[in-house]
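Inside the fold
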Amino acid sequence: MQNLFPSSTSTSSPDILKPGAYKVELVSIKSGQGRAFNNKPPRPTITFCFRELQSLTPINRTVATTRDPRGKLLDFVKQLSGIHQPTQQQIGDGEAFTQFINSMIGKIFTASIAPSDNGRFNNIVGIQPEAK
């Protein structure tokens, strides 16, 4: 019979990076559905898909699709934007804001990465555009 409880209890993936600053490229942006909480329907999400440039390790950041200033999406987009912040008019217009976000695909950023508490994911703690 196969052992159902191997001696290794680590859930860490080989793609988990050590804490630190890494150069990453924004490869794609995908829309999706988040998990439902408290018997509420799932909220739409946006996943920013990055790739660490040396190891090519994928790193994703998923946020709820909301332009509410209290949401994490605006804060994250503003970090990605650096000094080229979206205007209030762009934020208010869904198509213009989508174009603004998509214009960052292919750009290089410096991301502060830390593994998640359970060691299964790479968390982006902070991010900024790469200085030219």
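Below, the structure is looked at part by part. (Residues numbered from 1 in each chain as written. Predicted model: local features only at pLDDT ≥ 70, side-chain atom pairs only at ≥ 80, totals over all residues. Heavy atoms only, no water.)

A closer look at the nonpolar core
- Core analysis: the largest hydrophobic core is formed by 24 residues, its most contacted members being Phe48, Phe50 and Ile127.
- For this core, the secondary structure elements donating two or more residues are β1 (20-33), β2 (44-52), β3 (58-64), α1 (72-81), α3 (94-102), β4 (108-115) and β5 (122-129).
- A total of 5 residues in this core trace back to one element, the largest contributor, which is α1.
- Residues contacting Ile127, with those up to four places away along its chain left out, are Val24, Phe50, Phe76, Gln79, Leu80, Phe109, Thr110 and Ala111. (Core = buried A, V, L, I, M, F, W, Y, C linked by side-chain atoms within 4.5 Å. Buried < 20%, exposed > 50% of the residue type's maximum accessible area, 1.4 Å probe, protein only. Helix = DSSP H or I, 4+ residues; strand = E, 2+ residues; numbered from the N terminus. Contact = heavy atoms within 4.5 Å.)

Some thoughts on the sheet that holds β3
- The strand order across the open sheet formed by 5 strands is β3-β2-β1-β4-β5, and the pairing between neighbours is antiparallel. Of all strands in the sheet, those with a lone pairing partner are β3 and β5, marking the two edges. Looking at each pair of strands side by side, their axes are set apart by 40 degrees on average, direction ignored.
- As paired strands, β1 and β4 are joined by 6 bridges and run antiparallel to one another. Within β4, the position partnered with Glu25 by the bridge is Ile108.
- Of the strands in this sheet, β2, β3, β4 and β5 touch α1, which is tilted by about 50 degrees from β5. (Pairing = 2+ DSSP bridges. Axes fitted to C-alpha atoms, helices over the stretch in contact; angles between N-to-C directions.)

Observations concerning the pairing of β5
- Bridge count for β4 against β5 is 7 bridges, and the pairing is antiparallel. Each bridged residue has a counterpart across the sheet, and for Ala114 the counterpart in β5 is Asn123.
- Counted between consecutive antiparallel strands, the loop separating β4 from β5 contains 6 residues, among which Gly119 sits at a positive phi close to 75 degrees.

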